[in-house]
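This is what each chain is made of:
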Number of protein chains: 2
Amino acid sequence: MNREVVKAFYGSFFHAPVYGEFEFLEFALIEVNDKGYIERVVKRNDPEQPSLLREYRDQNILVELGFDRYGLPGFVDIHVHAPQWPQASLALDEPLYLWLEQRTFPLESKFKDLEFSRKVYEHLVEQLIARGSTTTVYLGSAHLESSIQLAQICSDKGQRALVGKTVMDDPNANPDYYRDASAAQAVVDTETLIHEVEDIGRSSWAGVWPVITPRFVPSCTDEVLKGLGDLAAETGAYIQTHCNEGQWEHDVVYERFGKTDPYVLYDFGLVNERSIMAHCPYLTEEEGELFAKVGAVIAHCPMANSYFSSAVAPIARFRRQGIRVGIGTDISGGYSPSMYENIRQAVLVSRLLETGVDAMLPEDRRGGLGNNTRVSLVDAFWMATAGGGEALGLPVGTFEPGRAFDLQVIDTKLPDSNLTGFGVFNSPADRLARILYLSTPENIRQIYCQGKLVRDKDAT
Amino acid sequence: MNREVVKAFYGSFFHAPVYGEFEFLEFALIEVNDKGYIERVVKRNDPEQPSLLREYRDQNILVELGFDRYGLPGFVDIHVHAPQWPQASLALDEPLYLWLEQRTFPLESKFKDLEFSRKVYEHLVEQLIARGSTTTVYLGSAHLESSIQLAQICSDKGQRALVGKTVMDDPNANPDYYRDASAAQAVVDTETLIHEVEDIGRSSWAGVWPVITPRFVPSCTDEVLKGLGDLAAETGAYIQTHCNEGQWEHDVVYERFGKTDPYVLYDFGLVNERSIMAHCPYLTEEEGELFAKVGAVIAHCPMANSYFSSAVAPIARFRRQGIRVGIGTDISGGYSPSMYENIRQAVLVSRLLETGVDAMLPEDRRGGLGNNTRVSLVDAFWMATAGGGEALGLPVGTFEPGRAFDLQVIDTKLPDSNLTGFGVFNSPADRLARILYLSTPENIRQIYCQGKLVRDKDAT
């Protein structure tokens, strides 16, 4: 008997420790220690398994997933605008500037009201957990208090989180009613956020971390970018921003600095191995080499890019370049809070990047990149789990010893979301495909984060 | 009092009688007659409404949707391969020929077993109804009996359906274990199907109709195409096939006939105002003019096209050309049985058709068609409802007098699918966008087809 094991999980699990591959752990026993980390994975053919099962059952610490239920790692969503949750799905047919001016800025500005803020953030965190996301990287509003509140809510609800206060100080680029008071104040507020969130993190079970969060280069003064870069160097904190997202941003940054935003951000000290760069469809090979070299991360947001980037991010190329890539729902540039829907989109848009879109053009002039663009379903699953863990440098996203035990239990036999193959195609690959393509939130019954049950939809 | 009214529905409804527009019927009363058709829509400001409400309540024939619940027309899904349901979501990373040879043909061939067939078809029809689809156009397998069985199952479960037996007779193009015995036999079987399904239709509440269904030109001999064309002329039955779906099909047909498949099908008598042509991303302006002139319908399958067509169908152009267009889930070329997910995809891929995909190319050479490609969310909603009705020439898809009353009731206040805007953006347009983008099957609580309750998820 292992004295460290406080809970054990018996059932069949899917995970993807290696990019491009998945592993099916059929009737495996996963031992979890008192800190919520995986001690050991005891496979079906291990001669010890039967006696361990008996032992843990006797100790009443065994959780059995049951037949027709499968365990997946909790998802890692690395790009979410928390204050945009009330407008998820709205006005996506609008041009970006109207979407920002008429919708996003007025909405985000409401988060100085901490009561409103609490209502929205509690709801958002609950909805994300209910969809299997056990780790989330959030951009808060430009307000310090509500961003700290968000970190506390994640900690209270048991979701692992990275939380930033969005910095947007340039009076020429941001509305009067919603921006940082000054560059200096924005840096001070970010410093306060770092201390406060680290403080929350110390008493948090699954962990919360602060993130230095310039909105994107066009909304920030040189002074604030420099101040945040210095802060990053001093604190070693995570950094997140939007990078190479669209043509307008690309052109505006180039006009201002004579270089593109990856280099601008790098020169301000904001591109390093703790940096999460959202979107990046416009990232060139050369810029990608910089990211690979310093270890910067790309948050792939396949939905949002289709609406606001006028292009598809070349994820397969990024991976070949050795860049770390995770997936972000990008609420609310992407409409869906579900990583499942984003996994599906990551695959689908990679196919259009391969082929191009307009069949009236000959195949070789259709604007597609050809054969090497595909993101397979398993690649996308990896990005949403192990890849997200790798991106954040956190031990999450797989069922391996030493990793935090984050689990979503998928019931494949529900009346209205019955993921059956009628016994025809029933290989593990097929079962995983059905789960990833056809699951609805209803199929996700229990969610554990760091070994703790954070949601049980079967509880009455 | 209107003696014809046997049921009345009170609540708030969304529908889209006109392409590009939606109407919000807030607190409206919809009267339904004994045949399941809408007699009258009594709006909120109609002075008669209060007394009618009292009267119908007294008669115990009033259904009240309730607060936070909204009525949408049942969806019209105009392209579903019924026997492919067990492989929905599988092997979408495979090339088309492997997907057909290793998966689709072996699977479809199993439907000569009527017990297997019944199990799959009952499950499929239930799952589609549970997702709000009250009218569905099905392609059966190549077997006569199971296709008739499918029509009977739809009738029994109360779903309005069009059902075809797939014809694929060319020994050079189809596997020995799965094809029509001969061209003559395929025509005879189709004739039998027409009679049998019309027979079922006569005793069906919401209606079922037969469809002449050549799989697509490459799997059919000239003889069978001519035979089916003659049968279409004799019977006036619906016709469905795949048309202009991909480059391979396009080239193979051109080599065989010296013309493209719209013209081949037209010359065989298979393109008329009863024809449903699936996919069509390769349809030229000139071919589109033919479709507009004869009144042929396009089934837009936005998911499947992304996987198997190497292009996006230019729906906005088709609509400008005056072509009728509906949406098909295309199970299992598309993975999702949900028209909601297909509505979302119709919007999303139209944006990539606008812009192209590869940001390394200059904007004007990125392969996008520019500004006139967009399918708005409301356009897609129209296609999935009123457009589908128009496509089939059936009085369905809106809440207007004379239409069949097909309803899905959406509950926007569920624990895990709570479609709230927190009171911030709450216009009818925003409420509709949240329903269409964020609904899960769980939000759909009741489904009525032709005035009859066919599913109630609130029933214990």
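Residues numbered from 1 in each chain as written. Chains lettered and ligands numbered in written order. Predicted model: local features only at pLDDT ≥ 70, side-chain atom pairs only at ≥ 80, totals over all residues. Heavy atoms only, no water.

### Brief notes about the packing of helix H3 (residues 114-130) of chain B against helix H4 (residues 144-157) of chain B
A packed helix pair is summarised by two numbers, namely the angle formed by the two axes and the spacing between the axes.
Residues and elements named next belong to chain B.
In step 1: Relative orientation of the contacting elements H3 and H4 amounts to 40°, with a least axis distance of 10 Å. One finds that H3 runs oblique with respect to H4. As H3 packs across H4, the resulting crossing turns out to be right-handed. On the side of H3, the interface is formed by Leu114, Ser117, Arg118, Tyr121, Glu122, Val125, Glu126 and Ile129, while H4 contributes Glu145, Ser146, Gln149, Leu150, Ile153, Cys154 and Lys157.
In step 2: Grouping the constituent residues of the contact of H3 with H4 by class yields seven nonpolar, three polar and five charged. (Axes fitted to C-alpha atoms, helices over the stretch in contact; angles between N-to-C directions. Helix = DSSP H or I, 4+ residues; strand = E, 2+ residues; numbered from the N terminus. Parallel < 35°, antiparallel > 145°, perpendicular 65-115°, else oblique. Left-handed = near helix turned anticlockwise from the far one by under 90°. Contact = heavy atoms within 4.5 Å. Nonpolar A, V, L, I, M, F, W, Y, C, P; charged D, E, K, R; others polar.)

### Considerations on the pattern of salt bridges
In step 1: For the structure shown, the criterion picks out 56 salt bridges over all chains.
In step 2: Measuring nitrogen to oxygen at the nearest pair gives 2.9 Å for the salt bridge that ties Arg445(A) to Asp458(A). With Arg445(A) in strand E15 (residues 444-449) and Asp458(A) in the segment after strand E16 (452-456), this residue pair connects regions lying 13 residues apart in the sequence.
In step 3: For Arg445(A), a relative accessible area of 9% gives the class buried.
In step 4: Exposure remark for Asp458(A): the relative accessible area of 35% places this residue in the partly exposed category.
In step 5: Between Arg69(B) and Asp411(B) there is a salt bridge, with the nearest N and O atoms lying 3.0 Å from each other. On the criterion of sequence distance, the pair formed by Arg69(B) in strand E5 (residues 69-73) and Asp411(B) in strand E14 (residues 407-411) is long-range, its members being 342 residues apart. Each member of the pair, Arg69(B) together with Asp411(B), is buried. (Salt bridge = Lys/Arg side-chain N within 4 Å of Asp/Glu carboxyl O. Buried < 20%, exposed > 50% of the residue type's maximum accessible area, 1.4 Å probe, protein only.)

### Remarks on the packing of helix H13 (residues 377-384) of chain A against helix H15 (residues 428-438) of chain A
Residue and element names in this part refer to chain A.
In step 1: Contact geometry of H13 with H15 gives a least axis separation of 11 Å together with a crossing angle of 65°. The angle between the axes of H13 and H15 places the two elements in the roughly perpendicular class. Relative to H15, H13 is oriented so that their crossing is left-handed. Residues Leu377, Val378 and Phe381 of H13 pack against Leu432, Ala433, Leu436 and Tyr437 of H15.
In step 2: Residue composition of the contact of H13 with H15, by class: seven nonpolar, no polar and no charged.

### Re the pairing of strand E14 (residues 407-411) of chain A
Residues and elements named next belong to chain A.
In step 1: Within E14, five of the five residues are buried, which leaves it mostly tucked inside the rest of the structure.
In step 2: Where burial is concerned, the two faces of E14 agree: the one with Leu407, Val409 and Asp411 and the one with Gln408 and Ile410 are both buried.
In step 3: Both strand E5 (residues 69-73) and E14 contribute to a ladder of five bridges, which runs antiparallel. Bridge pairing links arginine 69 to aspartate 411 in E14.
In step 4: Bridge count between E14 and E15: four bridges; the pairing is antiparallel. The partner of isoleucine 410 across the bridge, within E15, is isoleucine 444. (Pairing = 2+ DSSP bridges.)

### Let's talk about the pairing of strand E11 (residues 275-279) of chain A
Residue and element names in this part refer to chain A.
In step 1: Within E11, five of the five residues are buried, which leaves the element mostly enclosed by the surrounding structure.
In step 2: For strand E10 (residues 238-243) and E11, the ladder comprises five bridges, and the chain directions are parallel. The residue of E11 that forms the bridge with cysteine 243 is histidine 279.
In step 3: As paired elements, E11 and strand E12 (residues 297-300) share three bridges and run parallel to each other. When the sheet's bridge partners are listed, isoleucine 276 is paired in E12 with valine 297.
In step 4: The β-α-β motif built from E11, the intervening helix H9 (residues 285-294) and the parallel element E12 has right-handed crossover chirality. (Right-handed = clockwise from strand over helix to strand, strands pointing away.)

Keep in mind these numbers describe shape, not what the thing actually does.
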